[in-house]
Amino acid sequence: MNEPLALPRLVFIDREPASATFADEVRDGLAAMPKRLSPKWFYDTLGSRLFDAICALPAYYPTRLEMALFARHGEAMAACAGTGRVLVELGSGAGEKVRHLLPHLEAAAYVAVDISRDALLSAARSQAEETPLLPVFAVCDDFASGLELPAAIPDGPRLYFYPGSSIGNFTPDEAIALLSPLATPGCGLLIGVDLIKDVAVMEMAYDDPLGVTAAFNRNLLVRMNRELGGNFDLPRFRHLARFDAGHGRIEMHLESGVAQDVKVAGRVFHFGAGERLHTESSYKYRLDDFTALALKAGWRRRGCWTDADGWFAELYFEA
Ligand SMILES: C[S@@+](CC[C@H](N)C(=O)[O-])C[C@H]1O[C@@H](n2cnc3c(N)ncnc32)[C@H](O)[C@@H]1O
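Described below are features of the structure shown in this document.

Each value, and the rule that gives it
- The numbers attached to residues start from 1 for each chain and follow its sequence in the written order.
- Restriction of local features to residues with pLDDT of at least 70 applies here, the model being predicted, together with a cutoff of 80 or more for giving and counting side-chain atom pairs; totals for whole chains, interfaces and linings are based on all residues.
- For the side-chain quantities, the full set of heavy atoms in the structure was used; hydrogens and water were omitted.
- Put simply, DSSP H or I for four residues or longer makes a helix, DSSP E for two residues or longer makes a strand, and each gets a number counted from the N terminus.
- Polar contacts, as counted here, are pairs of nitrogen or oxygen atoms within 3.5 Å of one another; within protein the pair requires one atom able to donate a hydrogen and one able to accept it, and residues that are adjacent in sequence qualify only if both atoms are side-chain atoms.
- Contacts are assigned to residue pairs that have any heavy atoms within 4.5 Å of one another.
- Under this scheme, a helix contributes an axis fitted over its contacting stretch, all axes are lines through C-alpha atoms, and angles between N-to-C directions fall in the 0 to 180 degree range.
- Between 65 and 115 degrees an angle is taken as roughly perpendicular, under 35 as roughly parallel, over 145 as roughly antiparallel, and anywhere else as oblique.
- Left-handed is the label given to a crossing in which the near helix is rotated counterclockwise from the far helix by less than a right angle, and right-handed is the label when the rotation is clockwise.
- As a working rule, the residues Ala, Val, Leu, Ile, Met, Phe, Trp, Tyr, Cys and Pro are called nonpolar, Asp, Glu, Lys and Arg charged, and the rest polar, with Gly in that last group.
- Buried residues of nine kinds, namely Ala, Val, Leu, Ile, Met, Phe, Trp, Tyr and Cys, make up a nonpolar core once their side-chain atoms join them within 4.5 Å.
- Only protein chains enter the accessibility calculation, which uses a 1.4 Å probe; a residue is then buried when its area is under 20% of its type maximum, exposed when over 50%, and partly exposed in between.

**Looking at the side chain of Ser281**
Along the chain, the position of Ser281 falls in strand β12 (residues 276-283). A polar contact of 3.0 Å, which involves the side chain of Ser281, links it to the side chain of His278. Once residues lying within four places of it in the same chain are set aside, the contact partners of Ser281 are Gly168, Asn169, Arg249, Ile250 and Glu251.

As structure tokens, then:
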């Protein structure tokens, strides 16, 4: 007998931030002291590909360890989270990690949310082809100031999935503000958290010997040149990644080697020699500290899986 014919079901909802929004944030960020930009702007098409390359680096332990946790405990995580929910993935990227969970979850639908349009569409298309019976929604949106799902997304209890320790890109207060509105009755949250460890290990993950992370960081300048008429001269900016023990975070910067004026988004900005543009923070947590943060956001811990060295944790919370 033939297999029943099933057509992939994919709905794309496009709320990609307008280029005017990017220009506004660049003008504000470069006028600020110290200069800063949100890491969400790393992820144009090339930025997402460079991030995929970072994930393959031996130095980038978060992806390797989190993937191993899913391979080993994916079934247990799904058992803890329960079946039949609408699975909403924040910052889904290449969509590799969810593949370990979907077979166990019997999800009612899968909603991938990401700011990076091409990466999102390509991952969502592959997922829809692989699981033709599963309704797949690809939502291109910026959730930095709150996740607002379109009305087209099915109701019902949700399982939020936020892998990659990307929650570390937010300050603890911002993380609470992001996670609080999601904590509605019946919902769950499965989240990857990078734990405090040896400083050299953490710094190497963000400053690898091949220079892939440096390219990822400097691609932000390439993007501003292309999309906002900028004239950043790449060799004049150095990639820096340092652990700031006071804040408990890795910081990435682009440091100007010389005093220079740069034109971008219709304005001229001065960089002093050695002046830095802060491009990313990546907070590292102790397990108890993150559990306490989540509790403040309305989430109670129900499951915890870590690697043998205690470098990375996958945590399950219920609202
Ligand atoms: C560090 S990568 C992680 C990708 C994937 N989840 C993983 O674990 O390998 C962060 C992902 O989140 C997306 N992202 C970053 N900031 C975002 C924002 N404010 N709104 C929506 N997506 C965002 C990026 O485009 C990227 O795909």
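So that's the structure; there's more coming.
**Observations regarding the packing of helix α2 (residues 45-55) against helix α8 (residues 212-228)**
Two elements in contact, α2 and α8, have axes whose closest approach is 9 Å; the angle formed by their N-to-C orientations is 160°. When the axes of α2 and α8 are compared, the pair comes out roughly antiparallel. As for how α2 packs across α8, the hand of that crossing is left-handed. On α8, the residues that touch Leu46, Gly47, Leu50, Phe51, Ala53 and Ile54 of α2 are Val212, Thr213, Ala215, Phe216 and Asn219. Looking at the contact of α2 with α8 residue by residue, the classes come out as eight nonpolar, three polar and no charged.

**Brief notes about the nonpolar core**
Core analysis: the largest hydrophobic core is formed by 61 residues, its most contacted members being Val26, Leu87, Met224, Phe232 and Val264. Tallying contributions element by element places helix α3 (residues 61-81) first for this core, with seven residues. Discounting chain neighbours no more than four positions away, the residues touching Val26 are Leu37, Met224, Leu228, Val264 and Ala265. Grouped together as the second largest cluster of nonpolar side chains are 37 residues, Val113, Ile153, Ala175 and Phe290 included.

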